Amino acid sequence: MPIDKADFRRALGHFAAAVTVVTSKLKSGEPAGITVTAFTSLSLEPPLVLICIDKRAKIHDHLEKDHFFAVNILNEDQEAVSRRFAASEGDQFREVGYTDGATGAPLIHDTVTSIECKIVDLLPGGDHTIVVGEVEGAHVREGKPLVYFRGGYASLS
Ligand SMILES: Cc1cc2nc3c(=O)[nH]c(=O)nc-3n(C[C@H](O)[C@H](O)[C@H](O)COP(=O)(O)O)c2cc1C
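Each value, and the rule that gives it
Residues numbered from 1 in each chain as written. Predicted model: local features only at pLDDT ≥ 70, side-chain atom pairs only at ≥ 80, totals over all residues. Helix = DSSP H or I, 4+ residues; strand = E, 2+ residues; numbered from the N terminus. Rg over C-alpha atoms; globule rule 2.2 N^0.38 Å. Buried ≥ 20, exposed ≤ 12 C-beta atoms within 10 Å, placed from the backbone. Near = placed C-beta within 6 Å. Nonpolar A, V, L, I, M, F, W, Y, C, P; charged D, E, K, R; others polar. Pairing = 2+ DSSP bridges. Axes fitted to C-alpha atoms, helices over the stretch in contact; angles between N-to-C directions. Contact = placed C-beta atoms within 7 Å. Core = buried A, V, L, I, M, F, W, Y, C linked by C-beta atoms within 7 Å.

**Focus: the overall build of the chain**
Counting its secondary structure elements, the chain contains 2 helices and 12 strands. Relative to its length of 157 residues, the chain is compact, with a C-alpha radius of gyration of 15 Å against a globular reference of 15 Å. With respect to the principal axes defined by its C-alpha atoms, the chain has extents near 45 × 35 × 35 Å. Among the 157 residues that make up the chain, the fraction classed as buried is 27%.

Dropping the structure here:
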């Protein structure tokens, strides 16, 4: 019998995770983004990462094979950016500076790192989709990441 939902959430809350915002360009050319902690490295050769996206998220249906996305690892001062991209309403990119990367995916300014990926696989994962991305480039900067732990934001310091 599967674990109770609340116990599952409580247990997973003890897994400290860096907070990212996954961004992509919609077919209309509009930028889109979603706050994501379900991000991990997957393979070195070829260089693969994966993200898990809720099927109900607005960005979900735009993530198709051969499209591009960027994983923007937020720095410890970007809690407001995380909150904005975890909210459904409003213009999420308002007052959030970004530059289009070589793949066209929006790279949010002042993050710790931005990783540009091409979608090579989409796999079922319960109420989420596992999106596998081949890494085409990375922009590594200075700073400490924003961390999510036991339902709240934290930093490494
Ligand atoms: C700290 C944090 C981590 C999150 N991680 C994920 C995640 O890994 N995958 C996901 O699909 N949603 C995740 N979410 C929820 C989405 O950010 C949120 O449901 C989504 O932005 C809702 O808006 P939308 O449906 O308008 O896109 C997370 C939210 C927060 C606050």
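**Points about the site of the ligand**
Taken together, the neighbourhood of the ligand is formed by 17 residues, with Thr35, Ala38, Asp54, Ala86 and Ser88 sitting nearest. Considered class by class, the residues forming the shell around the ligand number 11 nonpolar, 4 polar and 2 charged.

**What about the sheet that holds strand S4 (residues 39-43)?**
With antiparallel pairing, the 7 strands of this open sheet are ordered in space as S3-S2-S6-S9-S10-S5-S4. Sheet topology places strand S3 (31-36) and S4 at the edges, where each strand pairs with a single neighbour. Taking the axes of each pair of neighbouring strands and ignoring which way they run, one obtains an average angle of 35° across the sheet. By the bridge criterion, 4 bridges tie S4 to strand S5 (residues 48-54) in an arrangement that is antiparallel. Within S5, the position partnered with Phe39 by the bridge is Ile51.

**Observations concerning the environment of Leu156**
In this fold, Leu156 is placed in the segment after strand S12 (152-155). The spatial distance from the C-alpha of Leu156 to the C-alpha of Gly137 is 26 Å, given a sequence separation of 19 residues. With near-sequence residues (within four places) excluded, Leu156 lies in contact with Lys144, Pro145 and Val147.

**Some thoughts on the nonpolar core**
Soluble globular proteins tend to pack their nonpolar side chains together in the buried interior. Counting residues in each nonpolar core, the largest one holds 26 residues, and the members touching the most others are Val21, Val22 and Val71. Those elements giving two or more residues to this core turn out to be strand S2 (20-25), S3, S5, strand S6 (68-73), helix H2 (79-85), strand S8 (106-108), strand S9 (113-125) and strand S11 (146-149). Counting residues per element, this core draws most heavily on S6, at 4 residues. What Val71 contacts, discounting residues up to four positions off in sequence, is Thr20, Val22, Phe39, Val49, Ile51, Ile115 and Cys117.

**Some details on the environment of Leu12**
The residue Leu12 is located in helix H1 (residues 5-12) in this model. Each C-alpha atom of the pair Leu12 and Val71 lies 21 Å from the other, and the pair is 59 residues apart in sequence.

**Concerning the sheet that holds strand S1 (residues 17-18)**
Across the sheet, 3 strands lie side by side as S1-S11-S12; this open sheet has antiparallel pairing. Strands at the two margins of the open sheet, each flanked by one partner only, are S1 and S12. The sheet contact formed by S11 and S12 spans 4 bridges and is antiparallel. Its bridge partner being in S12, Leu146 is matched across the sheet by Ser155.

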